[in-house]
Amino acid sequence: MRGAKSAKWVAGAIVVALAATACGGGADKGDNAGKGDVDPNGIYSVEVGEPEKLLHPADTMESNGSIVMSGLFSQLVDYDADGKLVMVNAESVESKDSKLWTVKLKPGWTFHDGTKVTAESYVKAWNWAANINNKQGNASWYADIKGFEALHPEAEGAKPTAEALEGLKVVDENTFTIELANAVPYFGYKLGYEVFSPLPESFYKDPAAAGEKPVGNGPYKFKSWEHKKQIELTRFDDYKGADKAKNGGVILKNYSTLETAYEDLKSGNVDVLRQIGPKDLPVYRGDLGDRAVDQPYSAIQTLAVAFYADQWKTPKPVNPKVIQGLSMAIDRATITKTVLQGTRDPATGWVAKGVLGYTADGSGDVAKFDPAKAKALIAEGGGVPNNEITIQFNSDGGHKEWVEAVCGSITSATGVKCTGDAKPDFQADLQARKSKQVKSFYRSGWVLDYPVNANFISDLFRTGAGGNQGGFTSPELDAKIAAADTAPSLDESVKAYQAIEKDLVNYMPSIPLWYYKVNAGFSEKVQNVKYAQDGDPILDLVEVKK
Amino acid sequence: MGRYVARRLLQMIPVFFGTTLLIFLMVYSLPGDPVAGLFGDKGTDPATLAALRHQHGLDLPWWHQYYNYITGILFHFDFGSQIRSGRDIIDVIGSAFPVTLRLALFAFVIEIVLGLTLGIVAGLKAGKLVDNLILILTLLIISMPVFVLGFIVKSVFAFQLGWIDPNVSTKETWGELIAPAVVLGSLSLAYVARLTRTSMAENLRADYVRTAVAKGLPKRRVIGVHLMRNSMIPVVTFLGTDIGALMGGAVITEGIFNVKGVGGLIYESVIRREGLTVVGVVTVLVVVYLIASLLVDLLYAVMDPRIRYA
C-alpha cells in the first residue's frame, strides 16, 4: 500500500504516450520475502525523467512528478489491489447520503518539518489549490465540492468571488466535513488522489520555494533535487502510516531514454525500471530471468472517434454499426502478440482491469475479430463515408507500427482504405485535437485516476468531460451517467456504470484496442519490487539486499 | 588591429539580434501550445489556461513578446523562466552548459592531438603505406554515422570488455566522459587529419620549404616551424568553427550516453515549445561561435605575418 498516484500523461514518452491519470493501489506483500538478508537502511535507485513542474500536489499530473509525490505525500485513503478502500491518514471517511462526508484523521501524524497534520492542513491546502489565482492544473478535482465555481470560475480572466470552498468545514483539530454540490457515491475513492494531499503551514509563505523543496506527510522526506539529474528521498522515521518504507531511501535517477536506463540496469547502476524500451523487449526476459516484470495495469488504449469531423457528421450522423464493424475488423490478438511484442492484452471492454466494476466482456462481441461480420455491419450501417478512414497519432511516441498494423487489418478485412495521419509530436497531436481538426480517428489512452469504473466512462464519454475530446455527445447516456452518479450507494453506482458500459456498444464513442502491461525489471540488489495499478513501482515496499 | 577587433565585436550586435529574432520566430510558428501542452489529454479549464498564458506573457503579440525578452536580457540579464518547471532559464542554461562545455573541450583536445598527429604523419609520408592506411581509417570514420559509432563503442568497451560504464553518471567525471568525447570528436578528428595531411603534402613542395632545406636547417625546424605554421591555416579555420559545432552538435552523443547537457536541453525544449529556452541556448551558442571565429581570424596574423588587418 502507498500513497495514491497522480494524473499522469506521458507526453512523448517512448512507448506509453497515452494521456491520463492514475491512482495507486496496494499490492499483496510477502510472497517473495525471505529471499535474502535485507538492509533496512539500504538505498536504491529508480529510473525516472525530470518532473515537468514544481512539486505541488495539485499541479503534478505526469508520471515523472507523480512518482516523487507518491513518496512524499500520503492522502486520507488508498486502495488495495482489488480496488478496496483502505484508510491511511484518515481514521474514517463516512457519508450517509454520499453528499455530506465526514473525515476523521488519525491523531499524531506530523509533516516532515515536525508540525502536526490537522484538519486545517487539509482544508487550507484544498482551498489554496482550488483557487484560480494559484493556477493548479488539477484544480478541477475539487469541482464536486460545494462552492467550487465561486473560487474557480471557468471563464477567461474571471476573478474568484470567494476566499474558500463553501463545502469545507473544520469541526475540530482532527475532524472536518466535505459537503458536495451533488451526491457522488465514489467520492471517497477520489480522496486517494494526490491532489487531495495536506500541506504544512510553511508552504504558504513561498509556494514556489515549497515546490522546489516539498515538505509532505508521506513515508519519505525530501532530501535534494539536482535538476535533470536526480531527486533523493530518505525514509521519514516518524511516519505513522502502515506503509512505512522498508528501505532507507530512494534515488530517482533521470534518464533521457529507456535504452540507456536498461543498459545501466544491466551494469548495476540503477535498480528499478518502470518500462523497457522497444529495442530491448525481445531480449529482456532472457537477460533478467525472474527479475523481469510482465503484469497488467489499469490503462487502456483506444481509437477515439472525432465526431465533429465532416466524415461522421454530414449528411447525417454516423450509424454506430459502422464503427462496430471497424472495431470487429481489427485483429487485436495478432497485433498485440507481434507488432506490440506482447506488451498489451487485447481489450474486451472500455474499463481497464484492476478497477472496481471491471467486467471481462464489457464490449460484448465488438472487440472480437470477425471480418465477415465486420463487413456486414459496415454495409448495414450505410458504409464508411468515402470508404476511407485515417488514424491520427503522434510519431514521437512509438505508435506508428501498431497504427499501420490496425490499418492493415481494417483494410484487408473490410476493404475500407485506412491510413495513419502522423503528427510530428504530442504537442502537435494535442493541438489538432483541441482545434477540432482530427479528420476521422485519433489514438487515445487512459490510465486510472481512481479504481472505479466511473473513471473510465464518466470522465471520457460524458458531454463536455475533460477526456472527451472527440466531441461525443448523447443526452440519453448523459442522463444514465447522472443517474449512476447519484445512486444511493457505491455498489449501486458501480452496477449502474457496468450497465452503461454494456450499453456503450450502441454508441461506440471509441474503439477499445488493448490494455497496457508493465514490462519492466529490477537489479540483483533489490527484491519485493511491486508495481501498482498505475504501472509505477511501489517505492516503500522495495527491499535492499545486504 | 584594435580597430579590426572593435569592428568585429560591433558586428556581433546585428548577428545577435538577427539570430535571436529568427529562432524566436521559428519556434513561435511551430504548431502546438506550450500551456495547453502542460495538461495533456486531460485538458483544463479556459480560466487556468488564460491565467497561465498571461503569467508568461504569451497572450501578447509576437513582437511584444520578443521585445520583452530582449529587454529582459539586455537590461536585467534575465532570460525569463520556463513555462513548465518555472525555473529561471539562466539556471537551466547554467546547469546544462558546463558539462557540454567539458565534453566539447575534451573532444576538441582529442581531435587536435590525434587528428594533427595522424595528419602530420600522413602528410610527411604522402603516398606511402602509412598515408594510405590513415586515409582509409579516416574515410571509415567520416562515413560512419555518430550513433553507429556510439553503439559500437558501447557494446565493445562497456558490454564485452567491461572497461567503462555504458552511461555517464550524474557526477560526470572526466573518466566517464572519455567515451562520449571520443565519439563526439571522431568525425572532426578525421577531417582535421585529412586537412592537415593535404596541406602538409602540398606545402612540402613549396618554394619556402625548399629554401629552408637548402639553407641547411635541421629537419625538425623545417617541419616544426616553417612547414607547420603555414599548413595550419586551413586546419585552424576548421577547428574554430568546430568548437561551436561540437557544443551544439552534441545532441546525438549526449543522447547515446545519457549526458544531461545542451543537446538534450534543446531537443526537449523544442518538443515542449519552450521557445524562450531554445532562444536562450542558441543565443549562447551564437556567442560561442562568434568568439571562436574571432579568435581564429586573429590567429591567422600570428601564423602568417603576410595577413594584416586594417
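Residues numbered from 1 in each chain as written. Chains lettered and ligands numbered in written order. Predicted model: local features only at pLDDT ≥ 70, side-chain atom pairs only at ≥ 80, totals over all residues. Heavy atoms only, no water.

1. A short note on the overall build of chain A
Threshold: Only DSSP runs of H or I with at least four residues qualify as helices, and only runs of E with at least two residues qualify as strands; both kinds are numbered from the N terminus onward. As a reference, a globule follows 2.2 Å times the number of residues to the power 0.38, and the radius of gyration itself is taken over C-alpha atoms. Relative accessible area decides the class of each residue, using a 1.4 Å probe on protein chains only: under 20% of the type maximum gives buried, over 50% gives exposed, and in between gives partly exposed. Contacts were defined at the residue level, with two residues in contact if any of their heavy atoms lie within 4.5 Å. Each accessible area value is a Shrake-Rupley result obtained with a 1.4 Å probe; residue values ignore everything except the protein chains displayed when judging cover.
Of regular secondary structure, chain A possesses 16 helices and 18 strands. The C-alpha radius of gyration computed for chain A amounts to 23 Å, which stays within 12% of the reference 24 Å derived for 546 residues, consistent with globular compactness. For chain A, the spread of C-alpha atoms along the principal axes amounts to about 70 × 55 × 40 Å. Of all 546 residues assigned to chain A, the portion counted as buried reaches 64%. Contacts in chain A between residues at least 24 apart in sequence constitute 72% of all its contacts with a sequence separation of at least 6. Counting only carbon and sulfur atoms, one obtains 52% of the accessible surface of chain A, whose full area is about 18,800 Å².

2. A look at the pairing of strand 10 (residues 249–254) of chain A
Side-chain positions along a regular strand alternate between the two faces of the sheet. Residues and elements named next belong to chain A. The test is simple: For two strands to pair, DSSP has to find at least two bridges joining them.
Taking burial as the measure, the six residues of strand 10 include six buried ones, the bulk of the element. Here strand 10 shows two buried faces, one formed by Gly 249, Ile 251 and Lys 253 and the other by Val 250, Leu 252 and Asn 254. With six bridges connecting them, strand 1 (residues 43–48) and strand 10 associate as parallel partners. Following the sheet pairing, Tyr 44 is matched in strand 10 by Val 250. Judged from the five bridges that link them, strand 9 (residues 230–235) and strand 10 form a sheet pairing that is antiparallel. Across the sheet, residue Ile 231 finds its bridge partner in strand 10, namely Leu 252.

3. Examining the interface of chain A and chain B
Let me state the cut-off plainly: Two parts placed together each lose some accessible area under a 1.4 Å probe, and the buried area is that loss summed for both. Counted as salt bridges are all cases of a side-chain nitrogen of Lys or Arg within 4 Å of a carboxyl oxygen of Asp or Glu. Polar contact is defined as a pair of N or O atoms within 3.5 Å, subject to the rule that within protein one atom must be able to donate a hydrogen and the other to accept it, and that residues adjacent in sequence are counted only when both atoms are side-chain atoms.
Residue-level contacts link 49 residues of chain A with 40 residues of chain B. When the two sides are added together, the surface that chain A and chain B hide from each other amounts to roughly 3,900 Å², 51% of it contributed by carbon and sulfur. Of all residues in chain A, the largest losses of buried area upon contact with chain B belong to Lys 135, Lys 228 and Gln 427 of chain A, amounting jointly to 18% of the total for that side. The interface formed by chain A and chain B includes two salt bridges. With its nearest N and O atoms 3.2 Å apart, the salt bridge here joins Lys 228 of chain A to Glu 268 of chain B. Connecting chain A to chain B are eleven residue pairs in polar contact (both at pLDDT 80 or more). Of all the secondary structure elements, the ones that give two or more residues to the side of chain A that touches chain B are helix 6 (258–266), helix 13 (426–434) and strand 15 (441–447) of chain A. With seven residues, helix 13 of chain A is the single largest residue contributor to the side of chain A that touches chain B.

4. Examining helix 13 of chain A
Most of helix 13 of chain A sits inside the fold, with seven of its nine residues counted as buried. Turning to helix 13 of chain A, its buried residues number three or more, namely Phe 426, Gln 427, Ala 428, Asp 429, Leu 430, Ala 432 and Arg 433 of chain A. Turning to helix 13 of chain A, the residues buried within the fold contact strand 13 (388–394), strand 14 (417–423) and strand 15 of chain A together with helix 2 (34–37) and helix 12 (262–271) of chain B. Within two residues after helix 13 of chain A, Lys 436 of chain A carries a phi angle of roughly 55°, on the positive side.

5. A few points about the environment of Asn 203 of chain B
Residue and element names in this part refer to chain B. Examined against the element boundaries, Asn 203 turns out to sit in helix 8 (residues 174–203). For the pair formed by Asn 203 and Asn 230, sequence separation is 27 residues and the distance between their alpha carbons is 7.9 Å. Residues within four places of Asn 203 in sequence aside, it is in contact with Tyr 208, Val 209, Leu 227, Asn 230 and Ser 231.

6. Let's talk about the confidence of the model for chain A
One rule of thumb: low pLDDT means the predicted coordinates there are not for detailed reading. Put simply, the test is: What pLDDT expresses is the predictor's confidence in each residue, scored from 0 to 100.
For chain A, per-residue confidence averages 88 on the pLDDT scale, and residues scoring 70 or more make up 94% of the total. A low-confidence stretch, residues 1–34 of chain A (pLDDT under 50), is modelled with 163 contacts involving residues beyond four sequence positions or located in other chains.

7. Observations concerning a nonpolar patch on the surface
Residues and elements named next belong to chain B. Condition: Residues form patches when they are more than 30% accessible in relative terms and have no salt bridge. Like charges link within 9 Å. Nonpolar side chains (Val, Leu, Ile, Met, Phe, Trp, Tyr) link within 5 Å.
On the surface, a nonpolar cluster with roughly 520 Å² of combined accessible area is contributed by Leu 10, Ile 13, Phe 17, Leu 74 and Phe 75. At the level of secondary structure, the elements contributing two or more residues to the nonpolar patch comprise helix 1 (2–29) and helix 4 (62–76). When residues of the nonpolar patch are assigned to their parent elements, the largest contribution, three residues, is made by helix 1. Its place among the elements puts Leu 74 in helix 4. According to the relative accessible area criterion, Leu 74 is partly exposed, its value standing at 46%.

8. Some words on the packing of helix 1 of chain B against helix 13 (residues 275–303) of chain B
All names here are of chain B. Condition: Angles here are taken between N-to-C directions and fall from 0 to 180 degrees, while the axes themselves are lines fitted to C-alpha atoms, restricted in helices to the stretch in contact. Any angle between 65 and 115 degrees counts as roughly perpendicular, while under 35 counts as roughly parallel, over 145 as roughly antiparallel, and the rest as oblique. Each crossing gets its hand from how the near helix is turned against the far one by less than a right angle, where anticlockwise is left-handed and clockwise is right-handed. Residues are grouped as follows: Ala, Val, Leu, Ile, Met, Phe, Trp, Tyr, Cys and Pro are nonpolar; Asp, Glu, Lys and Arg are charged; every other residue, Gly included, is polar.
Packing of helix 1 against helix 13 leaves a shortest axis separation of 9 Å and a crossing angle of 155°. Our classification of the angle between helix 1 and helix 13 gives roughly antiparallel. When you trace helix 1 past helix 13, the crossing you get is right-handed. Looking at the contact of helix 1 with helix 13, its residues break down into 18 nonpolar, five polar and two charged.

9. What about the packing of helix 6 (residues 129–143) of chain B against helix 8 of chain B?
Residues and elements named next belong to chain B. Look at helix 6 against helix 8: their axes get within 9 Å of each other, and the N-to-C directions meet at 145°. Here helix 6 runs over helix 8; the crossing is left-handed. The residues of helix 8 that touch helix 6, namely those facing Asp 131, Leu 135, Thr 138, Leu 139, Ile 141 and Ile 142, are Ser 186, Leu 187, Ala 190, Tyr 191, Ala 193, Arg 194 and Arg 197.

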